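The primary structure of each chain is shown beneath.
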Amino acid sequence: MNIRRFVAPSMRAALDRVREEQGPDAVILSTGRTDTGVEVITAVDYDPALAAGALAALSPQPAAAEAAAAGPTPAPRVIWSQDETVLAMRREIEALRQMLEQQLARLSWDGLARREPFRAQVLHELCGLDLATDLALRLVDEMPPVARPENPAGVALALLLRHLPVVDPAPIEAGGPWALVGPTGAGKTTTIGKLAARQAGPGRADLGGLIALDCYQIGAGERLAAHARRLGTRLRLVATPAELSSALAATDGAALTLVDTAGFAQRDLRFAGQAAQLAAAAPKLRTLLVLPANADAATLDSVIRAHAALRPAGCILTKIDETASLGAALSAILRHQLPLAYLCAGQRVPEDLYPAAERRVWLVRLAVKLRAAARAVPAAVETREVRAHG
Ligand SMILES: Nc1nc2c(ncn2[C@@H]2O[C@H](COP(=O)(O)OP(=O)(O)OP(=O)(O)O)[C@@H](O)[C@H]2O)c(=O)[nH]1
Ligand SMILES: [Mg+2]
């Protein structure tokens, strides 16, 4: 490997010299400003390990004592210049890398298709549902031998059903205090109304009451108060950990107490405050995470991570009726193994709430229908047929 340092009045002049002297295969390791212009450090026959040592040798040496205090020399960081030529090169390198990755993925796909055509077909079916590719590959890797390799779509669905975690029976059926947590507008308050109405149905034990830890929004408790009035149960509005503790103590022993929380963006400081409040004030309070099915994969992923400290017993998937694809939601649930407790496919209280264990087959079939509908002429997929088919 040949490492060189070029100093020139401008980045363009430096890069011209690099091209002349080291040719088109030179790799830029770093760029920087000097008193007289810019410096560019380059390598041909690039070797990252050798480059680390050589770069350290090219940099000004710290005094021996400072070096000892600083510990091992960190690996050099490639600092990209803002020069337009360098930026263009960077874009080109990124495009090349993407092309290479696609080619490699294609090669391994083609390899799988040649070696195990049926597995490849199942993988194709899973990816067609918008499932994250790494998850689809994992499911296919864990696929047991199939006696009659004839129906890849059916096998893909069976795999999904087998791996999709579901709480059975739905946790709230066992009673106790439960808090619904989740991002802004996910459907926490609406779902509390649905769950409370379900509990208040004929033949059910009495509802202990509703608690709203949602003092941050104007009129926060109003919708919950309407649900409480309709069900003839009490709503307690709390704002501090002490108030939450005493409200929970007052409902101790009740068949079911539901706590509504405020939705915050995860980066909002109040998010951490509320989470700490819940954990400190109510160690017996269990949580369910409300996830909107129409959020994208990255959002769902970060929501689940942000709520991990609360150790949710499961999740409630809402807005199933509003999403064009269930791939992101199913991927998030599979990736984090966060069991599904309930499904919500509409705004009606209490009709549009279903225990996930009873409707998992419907959910997975809906995932297929939605993708088929998206590929064909836009057509309304009737999500509410859940009531008819299960
Ligand atoms: N289409 C559809 N809408 C829903 C569903 N669940 C809730 N909604 C609607 O989503 C909106 C927000 O619902 P809320 O229950 O207020 O959400 P939240 O999580 O309590 O919101 P914040 O308290 O602001 O964090 C309302 O208009 C609900 O009617 C669902 O399953 N499907
Ligand atoms: Mg709310």
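The text that follows walks through the structure, step by step, so that each part is easy to find.

Parameters and conventions
- Residues numbered from 1 in each chain as written.
- Chains lettered and ligands numbered in written order.
- Predicted model: local features only at pLDDT ≥ 70, side-chain atom pairs only at ≥ 80, totals over all residues.
- Heavy atoms only, no water.
- Helix = DSSP H or I, 4+ residues; strand = E, 2+ residues; numbered from the N terminus.
- Buried < 20%, exposed > 50% of the residue type's maximum accessible area, 1.4 Å probe, protein only.
- Contact = heavy atoms within 4.5 Å.
- Areas by Shrake-Rupley, 256 points an atom, 1.4 Å probe, with all protein chains shown as cover.
- Near = heavy atom within 4 Å.
- Polar contact = N/O pair within 3.5 Å; in protein donor to acceptor, adjacent residues only side chain to side chain.
- Nonpolar A, V, L, I, M, F, W, Y, C, P; charged D, E, K, R; others polar.
- Pairing = 2+ DSSP bridges.
- Axes fitted to C-alpha atoms, helices over the stretch in contact; angles between N-to-C directions.
- Parallel < 35°, antiparallel > 145°, perpendicular 65-115°, else oblique.
- Left-handed = near helix turned anticlockwise from the far one by under 90°.
- Core = buried A, V, L, I, M, F, W, Y, C linked by side-chain atoms within 4.5 Å.
- Arc of directions from axis to C-beta.
- Salt bridge = Lys/Arg side-chain N within 4 Å of Asp/Glu carboxyl O.

Of the regular secondary structure elements, the protein holds 15 helices and 11 strands. Every one of the 390 residues in the protein was classed for burial, and the buried ones make up 44%. Here the analysis covers contacts within the protein between residues at least 6 apart in sequence; of these, 72% occur between residues at least 24 apart. Counting only carbon and sulfur atoms, one obtains 54% of the accessible surface of the protein, whose full area is about 20600 Å².

Now for the environment of L248. Along the polypeptide, L248 turns up in helix α10 (residues 241–250). What makes L248 buried here is its relative accessible area of 13%. Taking the C-alpha atoms as reference points, L248 and G209, 39 residues apart in sequence, are found 9.5 Å from one another. Look past the residues within four positions of L248 in its chain and what remains in contact with it is P177, I211, T257, V259, A282 and L285.

The next thing to look at is the site of ligand 1. Every one of the 21 residues lining ligand 1 counts as a neighbour, but K188, T189, T190, R223 and D321 are closest to it. In this structure, T190 approaches ligand 1 through a side-chain N or O atom, which is 2.5 Å from an oxygen atom. Residue Q347 places a side-chain N or O atom 2.9 Å away from an oxygen atom belonging to ligand 1. Compared with its free state, where it exposes 650 Å², ligand 1 has 84% of that area covered by protein. In terms of residues, the shell around ligand 1 owes the most to one element, helix α8 (residues 188–199), which gives 4 residues. Classifying every residue of the shell around ligand 1 gives 4 nonpolar, 10 polar and 7 charged.

Attention shifts here to the sheet that holds strand β9 (residues 314–318). The 8 strands are arranged β6-β5-β7-β4-β8-β9-β10-β11 in an open sheet whose pairing can be described as mixed. Each of the sheet's edge strands pairs with one partner strand only, and the pair in question is β6 (235–237) and β11 (353–355). Along the sheet, successive strands turn relative to each other by an average axial angle of 25 degrees, direction set aside. Pairing analysis gives 4 bridges linking strand β4 (residues 176–181) to strand β8 (residues 286–292), with the strands arranged parallel. Within β8, the position partnered with V181 by the bridge is L289.

In this section: the packing of helix α5 (residues 117–128) against helix α7 (residues 152–163). At their nearest, the axes of α5 and α7 sit 8 Å apart, and the two run at 65 degrees to each other. With respect to their mutual orientation, α5 and α7 come out roughly perpendicular. At the point where α5 passes α7, the crossing takes the right-handed sense. Of the residues in α7, those touching α5 at F118, Q121, V122, E125 and L126 are P152, A153, V155, A156, L159 and L160. In terms of residue class, the contact of α5 with α7 is built from 9 nonpolar, 1 polar and 1 charged.

Right, let's talk about the nonpolar core for a bit. Formed by 63 residues in total, the largest nonpolar core has its most connected members in L126, L317, I320, L326 and L363. Here this core gets 7 residues from one element, more than from any other, and that element is helix α14 (residues 356–375). Among all residues touching L326, those that are not within four sequence positions of it are A293, L317, I320, L363, L366, A367 and L370.

Time to look at helix α6 (residues 133–141). Taken residue by residue, α6 has L135, A136, L139 and V140 as its buried positions. For α6, the angular spread of the buried residues around the axis is 135 degrees, confining them to a single face. Tucked inside the fold, the buried residues of α6 contact α5, α7 and α13 (327–336).

On to the side chain of T251. Position of T251 relative to the elements: it lies in the loop between α10 and β7 (256–261). Reaching out from T251, the side chain makes a polar contact with the backbone oxygen of L248 at a distance of 3.1 Å. Leaving out residues up to four positions away in the same chain, T251 has contacts with G208, R236 and T257.

Turning next to α10. Among the residues making up α10, those that are buried are L244, A247 and L248. The buried residues of α10 occupy one face: seen down the axis, they fall within an arc of 100 degrees. Along α10, exposed side chains directed more than 90 degrees from the buried face belong to A242, A249 and A250.

Attention now moves to the packing of helix α12 (residues 297–306) against α13. Packed helix pairs are specified by the crossing angle of their axes together with the interaxial distance, meaning the distance between the axes. At a closest axis distance of 9 Å, the pairing of α12 and α13 adopts a crossing angle of 35 degrees. The crossing of α12 and α13 is right-handed. Contacts from A297, L300, D301, I304 and R305 in α12 reach A328, A329, A332, R335 and H336 in α13. Residue composition of the contact of α12 with α13, by class: 6 nonpolar, 1 polar and 3 charged.

A full pass over the atoms with the stated rule returns 12 salt bridges. For the salt bridge of D252 with K284, the shortest nitrogen-to-oxygen distance reads 3.9 Å. With D252 in the loop between α10 and β7 and K284 in the loop between α11 (269–281) and β8, this pair connects stretches of sequence that are 32 residues apart. For the residue pair D252 and K284, the accessibility class agrees, reading exposed in each case. Where D352 meets R348, a salt bridge forms, and the shortest distance between an N and an O atom there is 3.0 Å. A relative accessible area of 0% means that D352 is categorised as buried. R348 sits in the partly exposed class, given a relative accessible area of 32%. Bridged by salt links that share partners, the residues R4, R17 and E21 form one connected network.

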